[in-house]
Amino acid sequence: MVDFTRRQVLSQSVAAALGASVIGVASGEEVEESDTDGAPSVKGSLKRFSTTAFGAEVTGPFVFEDGSLLYSLQHPEGENPEPFGRAAVGYFSGFQFTFDGSNDDFQEVSVPDTEEKQRQVRSTAGDYEILVQGREPINGGEERLGVVQTPDGTDITPDNFPGAKGGVGAGPDCNQFVPTDEDGTEGYLFTNWENVPGNISRVPLSQDENGEWSADPDAAMNVVNTEAFRELGGTRTNCYGDLSPWNTMISAEENYAHARLHLRATVGDIIESGTGEGLLGGCQFWNRPNPPGIVDAINTYAEDGDISEAWTPQGAWSQVGNEGLAYYLGAETSDLSDSGNTTRPIADVYPNPYRFGYFVDIRQPAAEMPQPIKYWVMGRAAWEAPDIQGDRKTVYMCSDGDSKGIYKFVADEAIDSYDDTDDIAGTLYAPKITNDAASAAESDSRNSPAQTPLEVEWLELGHATNSEVRSWIAEYDGVTQADYLSTHADWAEGDEVTDEVLKQADLSVIENGNRNYITNEEIVEWAEQYEANGPDGVDEELRRVPFLETRAAAKEIGASIEFNKAEGVDTVDNSQPGDFIYFGISEFNDALADDSGDIQMDRVDGGVVYRGVLESDYNVSTLEPVITGPDFTDSPEDANDALRNIDNVYTMRDGRVLCCEDGFGGPARSYPNDGLYVYQPNVVVSANSAAVGSGSTGTVPLTASSLPAGFSGARLTVTVSNPDIASITGVSFPDSLGLTESSISDDGSSATIRVADVDTNVQSGAMDVSLATLDVRANGGGTTDLTVSIEQMDDENGNGIEAEVRNGIIVGGPQTVVGDAAPTDPDGDGHFEDLNGNGRLDYEDVQVLFSNMDSDSVQLNTGAYDFNENGKIDFADVTALYEEVN
C-alpha cells in the first residue's frame, strides 16, 4: 500500500496537473526503461470488474460464501461526489460470483473516460452500496470508526496531539468476515485501518432474505481501543491480512518504519566504511525527539560540513506517528505545545520499535472483548499479507516497500493446535533466487520478467518459540526518547534539549548506530557465526537477531531481499499440495532491475504477478510469471486494459484470482483510476507425482484443473523420461467419459490417450476433472520426469481449449536397503520412512538409515530419504526420522 500522506500529496498534484475538467488524462514523470518483451501480458485471461473513485486504490476484497463481493474505498479524494468522497467499505448489490472457474459471470466495465465516471465506484455487475464510512460515530457514540484513542478516550489526531499522524479514518484496507451463524448470513466484519497508531474495527453485518447486506455501526467497535491491545503495545499501519483456517482475522502490520538500513545497504557495509552515512534507515532514529525531523537535520548537517553528504533514510517519513503511539500507550500529554511538534523528549512512556511489524491474530473474534495475539516468531517486517496453507503450519509472507522481500515460516505443529500461543514454535526462512536466467550477469542482455521464472531456495534464519521472541522484545520496553539523548550525547534528564545536544546525538547515531537497540556489531557477529556454524550454532544472546531485525539479518547472509513492493500473496482456502500460490510484486524496478544482486532483469514499472505450485511439503521452489504489467513508456492504449501495479491478490475457491490495483495517478494510462480485475487462469492438465517402491506399481492421476466451457474431448501423450527407473504399464478411465482409447509403447516410456465426452457428463464449470489414471511400475532407484503433451483439447462447442501442462515426477524405488522387503512410504508424503519394509515406522527404521546412510541405495534416492528436506542425505535426516518415531 502507499502511505495515505504520500498518496494524498500525489492525488492533489495529479488533480492540479490535470485540472478538474480533464482528469481523464494520466500524468507522471517520464520513466527511462527498455521496451520489455511481454509487457503487458497474461497467461490466461484478465477482465476488469470495477474501477474505483478518483484518488482511491482498490483494497480489501472479500467474497462471501454466497459469492457476494465487497472491497474498501481507500482514501478517495474529498472532492468526489457523495458518497465517494469519504473512505468507506461497500459491497456490490445484486451480484454474486458463480464459482465455475469462468469470467462469464460478469460483464466487463468500460474505461472511465469522463470526469463523472472517474469520480465514482463503477461496475456493470451490481451497484456499490456503502456499508460503513470512516470517522462516523460508532459504539453508541463513544468512538469514531477507524479512529484510535488514548486510554482516557481522546481521539489521536494532529488537531489533538502534535506529532500524531494525519489521514485518520481514511485508510480502510483488509476486510475479513467472521460468520456467527451456520448460514453465513450474520457475523462480524473486521477491517484494517492503515495508519499510526494502527486500528482494526469490528462491525456487525447481516444479510436479508433478498441477499442484501447491512451494517450496525452502533454496535461496532475499534478493537484496538482496549486494554488487551495496549498490553501488546498496540498496532501500527494495519494493512492487508488473511482469514485464518481457524476462522479468525489476521491483520498484517505494514511497518514501513522498521527499516534500519537504506535500500540495498547491509550492516556489514556500515562496519566496513566506519559510518552509517547514506546507509542508515529511518528506524535508527525511532526514539529521537521529533523522529521525522531527522531528514531536515541531515540536510543541515551536510550543508554545515558535519557529514559528507545528505540522504533521506529509508522509512524516515514513516516515523511520523511514533509519538502518537506514545500517547496511545498513556504518555504524559499535559505540557504539549499547541504550535506543533517539538524536541521535548518523551521520557515516561514510549513505544518499543520491536513490538511492531508482525501479524495480529484476533482470537475469540465474537467475544465482547476479542483477544489479540501477535506472531512474534514469524519475524518483523513491513508485512502486507500472510497466507496460511492447508497444513496450518506453513505461512508465506510478503513485505512491502523497496528492497524488501518474501519470507516463509513453518511451525513445528499446526498453529491452532497449541493450547498456549506462547508455545508456538517454528522456523523462519528468507528466499535466495538461484537461477542464472534471473541475473544479467550470465547473459549479454537483460531477460524479461514476463518470460523468466525465478528458482527459489529458502535459507533458514532461525528457530524459536513465540514466548522466546516476546521475551527478547520486552528487554527494550523501557527505552524512551530521553535514552536517545543520554546514550548518544552529553545530556541528562532534566537538561535543556538544545540544537547542539540533538546534533551531537544524531551524529553519534549516524556514525555508530543507535545503541539503545540491537547493535550493528551484534548483527555482524550473528552472521559470522551463522556462516561458520549454521542457524542453530549461534550464541544464545544472538538468536534474537533474525526475529527482531529480520530484513537486516537476511541481507547479511546473502538472501535475495530485492523485491520491490511485495503486496500480495494468496492461495485457495485449505490449500493442498498441487494448488497454486500467487505473489503480487507491484513494481518490477529498482533493486530488481539494477546491476547487482540475484535478480537483474528488464524494468517493468507496472509489476508482475508470480505463481508457484505447492509441493508435497508445501514448499515453493519456482515462481512463474503469469501477469506482467505495462512498461510505463508504452502508449496508454497498451496499458488501458492491463493490470497496473498489483496490490492485494485474493484467490477464490474456483481458482480465479481477484487482482487489486495500487497505481493511482501514475503514467501509462489514459485515465488515473485504479481497478479490480479478475484473473482466470488457463486450464491446467496435470500429471501428479508419485513415489513407487522398487518392483512395485502405483497410480498417477491425469486431471484438468477446470473446464469453464465444458469438454468434448482430448488427445494427449504422457512420456516417462527414463524408462529404466519407471514405466507406464496401463491406463484406465473414469466412467463419465463415454469414448476412450489408449496405446502404450513397447518399453513403457509413453502412453497416447484419446477421450471423448459423448454423453456430455462433464458440465461447464467442472473442477478437478479426471481424464485418465496411469499405472506405473518402478524399475529402479532414482527420479524420472513424467511429461504431458496436449495435441488437441476442445470445449463442448468444439472450440480449442487454451491449456497449460504441469508435469509430474516419479520417484522410482528406493532400492532395497536391507533384506528382501522394499521400503515403503506409509503416510504417502513421498518419503520412505519404513526402511525395513515391515509396513510401519519404528525405531529399527532409524537404525537401518543410520547404518546404510552412505550406501548407493540411500545416496541415490535423496527425494526418498531427505527427511529434513535440505537437499542432501546427512545425519540430520537420521535425527529427523528419530523425531518422527518419538
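Residues numbered from 1 in each chain as written. Predicted model: local features only at pLDDT ≥ 70, side-chain atom pairs only at ≥ 80, totals over all residues. Heavy atoms only, no water.

The next point concerns the overall build of the chain. In terms of helices and strands, the chain carries 17 helices and 40 strands. At 28 Å, the chain has a C-alpha radius of gyration in line with the 29 Å of a compact globule built from 886 residues. Taking the principal axes of the C-alpha coordinates as reference, the chain spans close to 90 × 65 × 60 Å. Within the chain, the proportion of its 886 residues that are buried is 60%. A separation of at least 24 residues holds for 67% of the contacts in the chain among residues at least 6 apart in sequence. Taken as a whole, the chain presents about 31,700 Å² of accessible surface, with 42% of it coming from carbon and sulfur. Between the mean site of the 49 positive side-chain charges and the mean site of the 158 negative ones, the chain shows a separation of 3 Å. (Helix = DSSP H or I, 4+ residues; strand = E, 2+ residues; numbered from the N terminus. Rg over C-alpha atoms; globule rule 2.2 N^0.38 Å. Buried < 20%, exposed > 50% of the residue type's maximum accessible area, 1.4 Å probe, protein only. Contact = heavy atoms within 4.5 Å. Areas by Shrake-Rupley, 256 points an atom, 1.4 Å probe, with all protein chains shown as cover. Lys, Arg positive; Asp, Glu negative; His and termini not counted. Charge placed at Lys NZ, Arg CZ, Asp CG, Glu CD.)

So, on to the sheet that holds strand β16 (residues 359-363). To summarise the sheet geometry, strands pair through backbone hydrogen bonds and adopt either a parallel or an antiparallel arrangement. Spatial strand order, β14-β15-β16-β17: four strands in an open sheet with antiparallel pairing. Unpaired on one side and paired on the other, β14 (238-243) and β17 (371-374) mark the two borders of the sheet. On average, each strand axis in the sheet is inclined to that of its neighbour by 30 degrees, with strand direction left out of account. Pairing analysis gives four bridges linking β16 to β17, with the strands arranged antiparallel. If you follow Arg-363 over to β17, its bridge partner there is Gln-371. (Pairing = 2+ DSSP bridges. Axes fitted to C-alpha atoms, helices over the stretch in contact; angles between N-to-C directions.)

A word on helix α9 (residues 499-512). For α9, which comprises 14 residues, the first-to-last C-alpha distance of 20 Å matches the rise-based estimate of 20 Å (1.5 Å per residue) to within 8%. Among all positions of α9, only Val-501, Leu-502, Lys-503, Ala-505, Asp-506, Ser-508, Val-509 and Ile-510 are buried. Where α9 is buried, its residues touch α5 (294-303) and α8 (481-488). One or two steps after α9, the chain reaches Gly-513, where phi turns positive at roughly 85 degrees. (Expected span 1.5 Å × (residues − 1).)

Once that is clear, we can look at the packing of aromatic side chains. A full pass over the atoms with the stated rule returns 33 aromatic pairs. Arranged with centres 5.8 Å apart and planes meeting at 40 degrees, the rings of Phe-49 and Phe-97 form a pair that is tilted. A residue pair is termed long-range when its members are at least 10 positions apart, and Phe-49 in strand β2 (residues 44-51) and Phe-97 in the loop between β5 (88-93) and α2 (115-118) qualify at 48 residues. In terms of burial, Phe-49 and Phe-97 fall into one category: buried. (Phe/Tyr/Trp six-rings, centres within 6.5 Å; stacked < 30°, edge-to-face > 60°.)

Let's shift gears to a nonpolar patch on the surface. Residues Leu-841, Tyr-843, Tyr-882 and Val-885 make up a contiguous nonpolar surface patch of roughly 340 Å² in combined accessible area. Within the secondary structure layout, Leu-841 lies in the loop between β40 (808-812) and α14 (843-852). (Patch = residues over 30% accessible without salt bridge, like charges linked within 9 Å, V, L, I, M, F, W, Y side chains within 5 Å. Salt bridge = Lys/Arg side-chain N within 4 Å of Asp/Glu carboxyl O.)

All told, the structure shown has three cavities of 30 Å³ or more when counted by the stated rule. Taken together, Gly-146, Val-148, Ile-156, Lys-165, Val-168, Trp-193, Asn-195, Val-196, Pro-197 and Asn-199 form the lining of the largest cavity. In terms of residue class, the lining of the largest cavity is built from six nonpolar, three polar and one charged. (1 Å grid on protein atoms, 1.4 Å probe; cavity = no way out; pocket = protein on both sides within 12 Å on 5 of 7 lines; lining within 4 Å. Points joined across faces, edges and corners; volume = space filled by probe spheres on them. Nonpolar A, V, L, I, M, F, W, Y, C, P; charged D, E, K, R; others polar.)

Our focus in this paragraph is unusual backbone geometry. A cis amide bond, omega 0 degrees, links Ala-39 with the succeeding residue Pro-40. For Pro-40, the position within the fold is in the loop between α1 (4-18) and β1 (41-42). In this model, Val-196 is joined to Pro-197 through a cis peptide bond whose omega is -5 degrees. Position of Pro-197 relative to the elements: it lies in the loop between β10 (186-193) and β11 (199-207). At Gln-364, a position not held by glycine, the phi torsion is positive, near 50 degrees.

This part takes up the side chain of Glu-253. By secondary structure assignment, the location of Glu-253 is in strand β15 (residues 249-253). You can call Glu-253 buried: its relative accessible area is 0%. Side-chain polar atoms of Glu-253 contact the backbone nitrogen of Gly-357, separated by 3.1 Å. (Polar contact = N/O pair within 3.5 Å; in protein donor to acceptor, adjacent residues only side chain to side chain.)

Strand order in the open sheet made by the four strands is β3-β4-β5-β6, with antiparallel pairing throughout. Each edge of the open sheet carries a strand with a single partner, namely β3 (57-63) and β6 (127-133). Going from strand to strand, the sheet's axes swing by 30 degrees on average, the running direction of each strand aside. Sheet analysis places strand β4 (residues 69-74) next to β5, joined by four bridges and oriented antiparallel. Bridging across to β5, Leu-70 finds its partner in Tyr-91.

It is the contact of α5 with α9, at a shortest axis distance of 11 Å, that shows an interaxial angle of 90 degrees. By the angle class used here, α5 and α9 are roughly perpendicular. Contacts between α5 and α9 involve Ile-294, Ala-297, Ile-298 and Tyr-301 from the former and Leu-502, Lys-503, Asp-506, Leu-507 and Ile-510 from the latter. Taken together, the residues of the contact of α5 with α9 break down into seven nonpolar, no polar and two charged. (Parallel < 35°, antiparallel > 145°, perpendicular 65-115°, else oblique.)

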